[in-house]
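# Architecture and fold: a report
This is what each chain is made of:
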Amino acid sequence: MGLADFCQSCGMPMTGDELRGTEADGSRNADYCCYCYQKGAFTADCTMEEMIDFCLDTEEGKKLYTDREQARKKMLEYFPTLKRWSCAKR
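Residues numbered from 1 in each chain as written. Predicted model: local features only at pLDDT ≥ 70, side-chain atom pairs only at ≥ 80, totals over all residues. Heavy atoms only, no water.

Now for the overall build of the protein chain. Within the protein chain, the regular secondary structure consists of three helices and four strands. Of the regular secondary structure in the protein chain, the N- to C-terminal order runs β-β-β-β-α-α-α. Principal-axis analysis of the C-alpha atoms gives the protein chain an extent of 40 × 30 × 25 Å. Split into buried and exposed, the 90 residues of the protein chain put 39% on the buried side. Residue pairs at least 24 apart in sequence account for 40% of intrachain contacts in the protein chain once pairs closer than 6 positions are excluded. (Helix = DSSP H or I, 4+ residues; strand = E, 2+ residues; numbered from the N terminus. Buried < 20%, exposed > 50% of the residue type's maximum accessible area, 1.4 Å probe, protein only. Contact = heavy atoms within 4.5 Å.)

So this is what it looks like as structure tokens:
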């Protein structure tokens, strides 16, 4: 399996190995970033909608999206394509 270009939980670009999460044995995870996945588990037990709100509320999210509602709408379309949320109901 190849390494994902984007975290399959939050959608963050993973541009370096140091941004990848870790498994329980310390090895790098191919699918999730270090902010979403550490030591073999997700760092937050949240819904897809809560993850979207978190991404919109970060400083980077505030810089990227001037129209929060439009950004939320686009994320609601995109996030179900990510591995963690592929089975989530819209």
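Here the narrative resumes.
Here we come to unusual backbone geometry. Positive phi values are uncommon outside glycine, yet K39 reaches one of about 55 degrees. Summarising the element assignment, K39 is placed in the loop between strand 3 (37–38) and strand 4 (41–42).

Side-chain pairs of opposite charge can arise whenever the charged atoms involved come near each other. Enumeration over the complete set of coordinates arrives at five salt bridges. Across the pair D17 and R28 runs a salt bridge whose closest N-O atoms are separated by 3.7 Å. Here D17 is found in the segment before strand 1 (20–22), whereas its partner R28 is found in strand 2 (residues 28–33), with eleven residues between them in sequence. Taking relative accessible area as the criterion, D17 reaches 45% and is therefore assigned partly exposed. (Salt bridge = Lys/Arg side-chain N within 4 Å of Asp/Glu carboxyl O.)

Next up on the list: the packing of aromatic side chains. All chains considered together, the criterion is met by four aromatic pairs. Judged by centre distance (5.3 Å) and plane angle (35 degrees), the ring pair of Y32 and Y37 falls under tilted. For the pair Y32 and Y37, one class covers both residues: buried. Arranged with centres 5.3 Å apart and planes meeting at 75 degrees, the rings of Y37 and F42 form a pair that is edge-to-face. Grouped by ring-pair contacts, the aromatic residues Y32, Y37 and F42 constitute a single cluster. Sitting above the plane of the F42 ring, R84 keeps its charged end 3.8 Å from the centroid. (Phe/Tyr/Trp six-rings, centres within 6.5 Å; stacked < 30°, edge-to-face > 60°. Lys NZ or Arg CZ within 6 Å of the ring centre and 35° of its normal.)

Interpretation note: all reported values are geometric properties and have no functional meaning in isolation.
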